[in-house]
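A structural walkthrough
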Amino acid sequence: MPPIRQLEPVPGFEVRRVQPFEAVKRYVCGGCGNSIEAGTGHVVAVPIDAPDLRRHWHWGCWQARDRRRPVG
Ligand SMILES: [Zn+2]
């Protein structure tokens, strides 16, 4: 797996990387809807005005988000 690089800031979101050791459970990717397995480094995007709507994303899906608009 390639290392996670610098995250670009996204207006309206707090975006941070989740390290493999922090990923203690399985998540559903907000981009593709598939599982992000426990122990997989990924990205979490938290809308600043709606923190309850935080979504976890595969790194690759996040990088490609301009081509795959987030749902919800
Ligand atoms: Zn995905």
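For the structure, check the block above.
To keep things clear, this report deals only with the structure shown in the data block. (Residues numbered from 1 in each chain as written. Predicted model: local features only at pLDDT ≥ 70, side-chain atom pairs only at ≥ 80, totals over all residues. Heavy atoms only, no water.)

1. A closer look at the environment of Arg55
So the rule is basically this: Numbering goes from the N terminus for both helices and strands, where a helix is a DSSP run of H or I of at least four residues and a strand is a run of E of at least two. Whether a residue is buried, partly exposed or exposed follows from its accessible area with a 1.4 Å probe, protein chains only, as a fraction of its type maximum: under 20%, in between, or over 50%, in that order.
Along the polypeptide, Arg55 turns up in strand β5 (residues 55-57). Judged by relative accessible area, Arg55 falls into the partly exposed class, the value being 34%. Between the C-alpha atoms of Arg55 and Ala45, which are 10 residues apart in sequence, the distance is 5.5 Å.

2. Details of the pairing of strand β4 (residues 42-47)
Using the following cut-off: We call two strands paired when DSSP finds no fewer than two bridges between them.
Burial of β4 is extensive: six of the six residues sit out of reach of the surface. Here strand β1 (residues 13-18) pairs with β4 via six bridges, running antiparallel. Note on β4: the bridge partner recorded for Val15 is Ala45. Bridge count between β4 and β5: three bridges; the pairing is antiparallel. By the bridge assignment, Val43 is partnered in β5 with Trp57.

3. Description of the nonpolar core
Short version of the rule: Nine residue types can take part in a nonpolar core, namely buried Ala, Val, Leu, Ile, Met, Phe, Trp, Tyr and Cys, and a core is a set of them joined through side-chain atoms within 4.5 Å. Contacts between residues were defined by any pair of non-hydrogen atoms, one from each residue, lying within 4.5 Å.
Grouped together as the largest cluster of nonpolar side chains are 12 residues: Leu7, Val10, Val15, Tyr27, Cys29, Ile36, Val43, Ala45, Trp57, Trp59, Cys61 and Trp62. Of all the secondary structure elements, the ones that give two or more residues to this core are β4 and α1 (59-63). Counting residues per element, this core draws most heavily on α1, which supplies three residues. Setting aside residues no more than four positions away along its own chain, Val10 makes contact with Val15, Trp62 and Arg65.

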